[in-house]
Amino acid sequence: MEINLWINGKEFKDDVLPDTVLIDFIRSKGFYSVKRGCETSNCGLCTVLMDGKPILSCSTLALRGNGHDITTIEGIEEEALEFGGFMADQGAEQCGFCSPGFIMTVIAMKNELTNPSEEEIKNYLNGNLCRCTGYMGQLRAIKKYLEKGSK
Amino acid sequence: MKVVNKGIRKKDAMSLVTGKPVYTDDITQGSYLVVKLLRSPHAHALIEDIDIEKAKNLQGIECILTYKDVPQVRFTTAGQSYPEPSPYDRLILDKRIRCVGDPVAIVAGIDEKTVNKALDRIKVKYNVLEPILDFTKAKDNKIIVHPEDNFKALDSIGADNKRNLCASECTEYGNVEEDFNKCAHVIERTYHTKANNQTMMETFRTATNIDAYGRLNIISSTQVPFHVRRIVANALQIPKSKVRVIKPRIGGGFGAKQSVVSEIFPSVVTIKTGKPAKLIYSRKESFTNGSPRHESEITVKIGADENGIIKVISMHTLWNAGAYGDHGPTTVGLAGHKAMTIYKSMKSFKFDYEVIYSNTMGAGAYRGYGATQGFFALESAVNELAAELNMDPTVLRMNSMLSGEHVGETMPSYFNEVLNSCNLDKCLIRAKEMIDWDRKYPFIDIGNNKVRSVGCAVAMQGSGISDVDVGAVEIRLNDDGFYTLMIGATDMGTGCDTILAQMAAEALDCDFDNVVVHGVDTDLSPYDTGSYASSTTYITGMAVVKACESLRSKIINEGARLIGCLPNEVDFDGEKIYSLNNEKQISLKDIGNESFLGFNNYLTASASQSSPVSPPPFMAGLVELEIDKLTGKIDIIDYVAVVDCGTVINPNLARVQTEGGIVQGIGMALYEDIIFDENGRMVNDSFLQYKIPARNDVGTIRVEFEPSYEPTGPFGAKSIGEIVINTPSPAIANAVYNATKVNIRKLPITSEKIVMGILDIENK
């Protein structure tokens, strides 16, 4: 089936099978930041933005992306470097496998919530699992990032 | 120190946080065959027939392999130094099925859809046998998991496959029976820990191809590249010289990837077809056929005098190997030797264990490596002893455990090693202050059936395996004066590439960025046993120190020669060699450049390190819980950890290791539980059913360090990676008791168990 979508501002026209999921389509186009961590929509690793809103690309059909703007971390290098710097200063990326999906959700949160409380941050990001860090370093990084943004 | 003890960014941090393609699957795109395994639905069976005709003729299928196509020589997939203590009890594909999910056939084809179709078309006729699923009943059972005659244990580990015994041993020191008789207080309790899955975010995966030299190249997400080289070569019966293993960035391991789980299957395909092949485990496969923590049942008996000072400990440990013995004989040892050793007041001890085969998934290495199970049992028993004596459990510990006062003393239960460094007493004192223990112990009633209680545990681990682990590094001076540090240790997200470079920069008085690192490629990297057993900082770190000392002296010699001085007439400040007597000097940059032109003494140094001791790091973990006594609901409010890992090489990374280990430990304590149904199938094989902690579940975690100085470690360092998972289960169980008087002796600690316990007490 013919689809037409934009990944990080670049247009892709392609013929896809009805059961192709978005993550596989995106990776097949060379955007390898998007990772699969499970098959049950529980881990958040595959998070990308569709028209600015975070979605799980492992449980979204490529067809659903037809006509939409998809953003992966490759498309927001500047923000990724900025927030990523705060992560790196905490050592909070550790293995880094969950980082792209997590960072996409953080960016979406920043756009959606103003001055979120610690509880709001945790709730917004609760679907992004991480097995290395225990989440505390990520929280410290987010707080510093938001502090800087509000200055 | 200028570079060591600084919270420097990881060298790979910025590429990880910007999503660069650096992991196994990212760097192996292109025409790789998709490899999948047909897995057994039965826990115990014999394959009578496999019909692959309808599958192999499918267009796009490259090969289908069954037990008839692979070598019938047994090996172990445990990533350990040869001769491995784990028995040789596996075949790549076996006619006998020993657990649900055991591989029956390897299928490779052009894409996933085609391979799935082929998997559906393979017809297997099984002779289904009754399984033995309960490891506590498996010893000397009529059902035998490994009846084969070519079962082999390389070492005297007390194995007897005809009795379902993977390993067994009994150690006794002093006169245990006599000492128990002398004790004013004796308690005996049995504890049960469950199997847990590491759930590293990147599942098992391996890509293979044949390179220009006709050698098998294995790109794999592994903690043990050099062991992979040996084990794959053994399993495939090919020379080790024909195998090269490359470790790219890894999405976590936690011990899971200390077993050769995914490597062999695509390797066989590539050998048979000559084509690149790749196997990526699904999350479900990582759950059902990974290498989880060994389930255990541990009976602890403690004797104490009238003042509550611990005099004698015995631990009787049953360990579920599952279907295969990977890491069984070794993990179990830590349950006793690491745990009991922390009670220095102990005059005698007995530790006996049996590791038992059953028809459940084979277990493996998981952070803590058996010590975690041992500490849950022993620390829980110590807390129960304190409760019986009406003593504050922190006070009881202060009177019995290792402390700074014991430095220089021998530890009989720790293979007679001498304690060189210990701040455990300071750790516990500081942790009590941080959590305000004296005010909060045992609990504070906050109304509405809710109480806030505190609980406590202490723990130790080791730093490497004494006289076994080897870490080697090579460091080179390049043109322009930068260094290349070649390491064989495996950074799996932990940051060892970074901390080893920090040590090199410190030893060579240079900027951190002046050291580039490379790891791991078994063709290029110096030999390293791999990243496990909390060995990298301590063992490989010391190799870095030694190699840098050696390179430093070569630089001094060469610099002195270039400026016409004797080596003892110059000094090196990291940037230049300068004369102590006159104005002559030469920069490191110039020495590097000179050595690249018409020079026959390339400036490079290598060193390897092995240690006769495994110095323990120490930790106190105190928790504050909120418990609803009506529903049993537990909320973690605050977790306080104070760690003595010797000199902290990188405080940021050590802190994140500690926080991460505590959260994994909280998962083990509260909900992680591999459950098999009556047919041996794992029931909760996804994140939907096997819950791991999310960020809403863990409260606040606060970490501090009380560094001692370990004289045998690099810059005084010990290990940090594993110890951090050992305190949550016993500390949380203790806090539950302090709130409710209910002792939960079987993990996980669920709300249901708490409420049932409260009802039991009320009904008495």
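This section reports on the structure supplied with the text. (Residues numbered from 1 in each chain as written. Chains lettered and ligands numbered in written order. Predicted model: local features only at pLDDT ≥ 70, side-chain atom pairs only at ≥ 80, totals over all residues. Heavy atoms only, no water.)

Concerning the state of the cysteines
Here's step 1: Scanning the entire structure with this criterion turns up zero disulfides over all chains.
Here's step 2: As a non-bridged cysteine, A:Cys132 has A:Cys95 as the owner of its nearest cysteine sulfur, 3.8 Å distant.
Here's step 3: Exposure remark for A:Cys132: the relative accessible area of 8% places this residue in the buried category.
Here's step 4: Looking at B:Cys183, it has no disulfide partner, and the nearest cysteine sulfur is the one in B:Cys170, 18 Å off.
Here's step 5: A residue is classified by how much of its surface remains accessible, and B:Cys183, at 14% relative accessible area, is buried. (Disulfide = S-S within 2.5 Å. Buried < 20%, exposed > 50% of the residue type's maximum accessible area, 1.4 Å probe, protein only.)

Some points on the sheet that holds strand β28 (residues 634-644) of chain B
Residue and element names in this part refer to chain B.
Here's step 1: The mixed open sheet is built from five strands, whose spatial order is β18-β19-β27-β28-β29. Among the strands making up the open sheet, the edge pair consists of β18 (443-447) and β29 (700-705). Taking the axes of each pair of neighbouring strands and ignoring which way they run, one obtains an average angle of 15 degrees across the sheet.
Here's step 2: For strand β19 (residues 450-460) and strand β27 (residues 618-628), the ladder comprises eleven bridges, and the chain directions are antiparallel. When the sheet's bridge partners are listed, Val-454 is paired in β27 with Glu-624.
Here's step 3: Sheet contacts for helix α16 (residues 651-670): β27, β28 and β29; angle to β29, the most-contacted strand, approximately 135 degrees. (Pairing = 2+ DSSP bridges. Helix = DSSP H or I, 4+ residues; strand = E, 2+ residues; numbered from the N terminus. Axes fitted to C-alpha atoms, helices over the stretch in contact; angles between N-to-C directions. Contact = heavy atoms within 4.5 Å.)

Details of the side chain of B:Thr536
Here's step 1: Of note, B:Thr536 is situated in helix α14 (residues 536-562).
Here's step 2: B:Thr536 has contacts with B:Ala489, B:Cys496, B:Leu500, B:Gly530, B:Ser531 and B:Gly541, leaving out every residue within four places of it along the chain.

Quick notes on the side chain of B:Asn650
All names here are of chain B.
Here's step 1: Within the secondary structure layout, Asn-650 lies in the loop between β28 and α16.
Here's step 2: You can call Asn-650 buried: its relative accessible area is 2%.
Here's step 3: One polar contact links the side chain of Asn-650 to the main-chain amide nitrogen of Asn-652, over a distance of 3.1 Å.
Here's step 4: Once residues within four sequence positions are removed from consideration, Asn-650 is found in contact with Lys-6, Gly-7, Ile-8, Thr-498, Ile-499 and Gln-502. (Polar contact = N/O pair within 3.5 Å; in protein donor to acceptor, adjacent residues only side chain to side chain.)

Quick notes on the pairing of strand β15 (residues 348-357) of chain B
Residues in a regular strand point their side chains to alternate faces of the sheet.
Residue and element names in this part refer to chain B.
Here's step 1: Burial of β15 is extensive: nine of the ten residues sit out of reach of the surface.
Here's step 2: As judged from the ten bridges shared by strand β14 (residues 310-322) and β15, these two strands associate in the parallel manner. Within the sheet, the bridge partner assigned to Val-312 lies in β15 and is Ser-348.
Here's step 3: This β-α-β element, β14 to helix α8 (residues 328-341) to β15, shows right-handed connectivity. (Right-handed = clockwise from strand over helix to strand, strands pointing away.)

A look at the nonpolar core
All names here are of chain B.
Here's step 1: Core analysis: the biggest nonpolar cluster contains 192 residues, and Ile-92, Ile-264, Leu-378, Ile-732 and Ile-749 have the highest contact counts within it.
Here's step 2: Considering every element that reaches this core, the biggest residue donor is helix α9 (residues 371-388), with nine residues.
Here's step 3: Not counting the four nearest positions on each side in its chain, Ile-749 is found in contact with Ile-634, Ala-669, Leu-670, Ser-729, Ile-732, Ala-733, Val-736, Ile-744 and Ile-754.
Here's step 4: Counting 44 residues, the second-largest nonpolar core is a separate cluster that includes Ile-8, Ala-504, Leu-508 and Leu-653. (Core = buried A, V, L, I, M, F, W, Y, C linked by side-chain atoms within 4.5 Å.)

Overview of the packing of aromatic side chains
Two aromatic rings are characterised by how far apart their centres lie and by the angle between their planes.
Here's step 1: Enumeration over the complete set of coordinates arrives at 16 aromatic pairs over all chains.
Here's step 2: Between A:Phe83 and A:Tyr145, the ring centres sit 4.9 Å apart and the planes meet at 55 degrees, which makes this aromatic pair tilted. Pair noted here: A:Phe83 is in helix α2 (residues 77-90) and A:Tyr145 is in helix α5 (residues 136-150), with a separation of 62 residues, a long-range link. One exposure class covers both A:Phe83 and A:Tyr145, and it is buried.
Here's step 3: Through pairs of rings, three or more aromatic residues link up here, namely A:Phe83, A:Phe86, A:Phe102 and A:Tyr145.
Here's step 4: Sitting over the face of the ring of B:Tyr366, B:Arg293 holds its NZ or CZ atom 4.2 Å from the ring centroid.
Here's step 5: The ring of B:Phe443 carries the charged tip of B:Lys629 above its face, separated from the ring centre by 5.9 Å. (Phe/Tyr/Trp six-rings, centres within 6.5 Å; stacked < 30°, edge-to-face > 60°. Lys NZ or Arg CZ within 6 Å of the ring centre and 35° of its normal.)

As for the sheet that holds strand β3 (residues 47-50) of chain A
All names here are of chain A.
Here's step 1: Across the sheet, which stays open at both edges, the five strands sit in the order β2-β1-β5-β3-β4 with mixed pairing between neighbours. Looking at strand neighbours, the two that pair on one side only are β2 (10-15) and β4 (53-56), the edges of this open sheet. The sheet shows a mean angle of 40 degrees between the axes of neighbouring strands, direction not considered.
Here's step 2: By the bridge criterion, six bridges tie strand β1 (residues 2-7) to β2 in an arrangement that is antiparallel. Across the sheet, residue Glu-2 finds its bridge partner in β2, namely Asp-15.
Here's step 3: In the packing of helix α3 (residues 99-112) onto the sheet, contacts are made with β3, β4 and β5 (69-71), and the angle to β3 comes to roughly 40 degrees.

Side note on the pattern of salt bridges
Where charged atoms from two side chains of opposite charge come close, those side chains can pair.
Here's step 1: This model, assessed by the stated rule, comprises 64 salt bridges over all chains.
Here's step 2: Among the ionic pairs, A:Glu77 bridges to B:Lys20, the shortest N-O distance being 3.5 Å. Residue A:Glu77 is found in helix α2, and its partner B:Lys20 is found in the loop between α1 (13-17) and β1 (33-39); the two belong to separate chains.
Here's step 3: Here B:Arg230 and B:Glu84 are joined by a salt bridge, their closest N and O atoms 2.8 Å apart. Of this pair, B:Arg230 sits in helix α5 (residues 225-236) while B:Glu84 sits in the loop between β3 (61-65) and β4 (96-97), and the two are 146 residues apart along the sequence. (Salt bridge = Lys/Arg side-chain N within 4 Å of Asp/Glu carboxyl O.)

A closer look at the packing of α8(B) against α9(B)
All names here are of chain B.
Here's step 1: Two elements in contact, α8 and α9, have axes whose closest approach is 7 Å; the angle formed by their N-to-C orientations is 50 degrees. Viewed along their axes, α8 and α9 adopt a mutual orientation that is oblique. α9 is crossed by α8, and the crossing has right-handed handedness. On α9, the residues that touch Leu-334, Ala-335, Lys-338, Ala-339 and Met-340 of α8 are Ala-371, Gly-374, Phe-375 and Leu-378.
Here's step 2: When the residues that make up the contact of α8 with α9 are grouped by side-chain class, the tally is seven nonpolar, one polar and one charged. (Parallel < 35°, antiparallel > 145°, perpendicular 65-115°, else oblique. Left-handed = near helix turned anticlockwise from the far one by under 90°. Nonpolar A, V, L, I, M, F, W, Y, C, P; charged D, E, K, R; others polar.)

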